[in-house]
Amino acid sequence: SPKGDKMAFSVRGEIWGVPTKKGKGPNADDAAQLTDYPGSDDQPLWDPDGKSLFFVSDRNGAHQIHSLDPETKKATLFVRADADQTNLFLSPDRKALVFSMAGPRGGIYQVPLAGGEPKLLLAKPVPSSSSVSPDGRFLAYTKTLLNSGFNPWENATNIWVRDLTSGQDHAITALSTTHSSPEWS
């Protein structure tokens, strides 16, 4: 959590929370199950205010982003789309949620934490890892090098950076190997 007093994690398709400091009394610091759904709930991410969590669940069909109140354990659909959503992270200014979406309208999107329509940052049919620069101007992402492997599932990936102001893309790595998980310092 933003204050560092709680941690959220997923186990076997459920979201759990646990305090990071020892409580008073028996079992005061035990983990508490926050979701109880027969499908998949995972990828928990704290809202900067610490009052809610974002997570991905298949409770409406596709894996979609939901918001969870950890006190009431009430989950609400946060991003409406009929395609799988994944790879959640907060924008550097902590005012938006960035995620990947699969399908015909697939790509890397950003949606304000206050709600609203997701904004497409990069059209990309296959979800991949990405990272927004600290100043919010650049998006680093992985790009598949089609036909670079003997089989399609062996294709290599390189790191690219998109200037979100100009829309220009630049290759950062150029080897036919698997580069992934870009992160800004």
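Just above, that's the structure.
Here the structure is a predicted model, which means the values were calculated and not measured.

J.: Before we go on, may I ask you to explain the nonpolar core in this structure?
T.: Across soluble globular proteins, nonpolar side chains show a tendency to be buried alongside one another. Counting residues in hydrophobic clusters, the biggest one holds 16 residues, and the most contacted among them are Phe54, Ile65, Phe78, Leu88, Leu97 and Phe99. At three residues, strand S9 (residues 96–101) tops the list of elements feeding residues into this core. If near-sequence neighbours (up to four positions away) are discounted, Phe54 is found in contact with Gln43, Pro44, Leu45, Asp47, Ile65, His66, Ser67, Phe78, Leu88, Leu97 and Leu113. With nine residues, the next largest nonpolar core counts Phe89, Ile108, Leu122 and Leu139 among its residues.

J.: So what exactly am I meant to see when it comes to the side chain of Asp47 here?
T.: If you trace the backbone, Asp47 turns up in the loop between strand S4 (41–46) and strand S5 (53–60). In contact with Asp47, other than residues within four places in its own chain, are Pro2, Ser52, Leu53, Phe54 and Leu113.

J.: Mind showing me how you'd approach the sheet that holds strand S10 (residues 107–112) here?
T.: By definition, the strands of a sheet pair up through backbone hydrogen bonds, in either a parallel or an antiparallel sense. Pairing is antiparallel across the open sheet formed by four strands, whose spatial order is S8-S9-S10-S11. Each edge of the open sheet is held by one strand with a lone partner, namely strand S8 (85–90) and strand S11 (119–123). Across the sheet, the mean angle separating the axes of adjacent strands is 25° when strand polarity is ignored. Sheet topology places S10 next to S11; four bridges connect them, and they run antiparallel. Residue pairing for S11: Tyr109 is matched across the bridge by Leu120.

Conventions and cut-offs
- Residues numbered from 1 in each chain as written.
- Predicted model: local features only at pLDDT ≥ 70, side-chain atom pairs only at ≥ 80, totals over all residues.
- Heavy atoms only, no water.
- Core = buried A, V, L, I, M, F, W, Y, C linked by side-chain atoms within 4.5 Å.
- Buried < 20%, exposed > 50% of the residue type's maximum accessible area, 1.4 Å probe, protein only.
- Helix = DSSP H or I, 4+ residues; strand = E, 2+ residues; numbered from the N terminus.
- Contact = heavy atoms within 4.5 Å.
- Pairing = 2+ DSSP bridges.
- Axes fitted to C-alpha atoms, helices over the stretch in contact; angles between N-to-C directions.

Nothing here speaks to function; it is geometry throughout.
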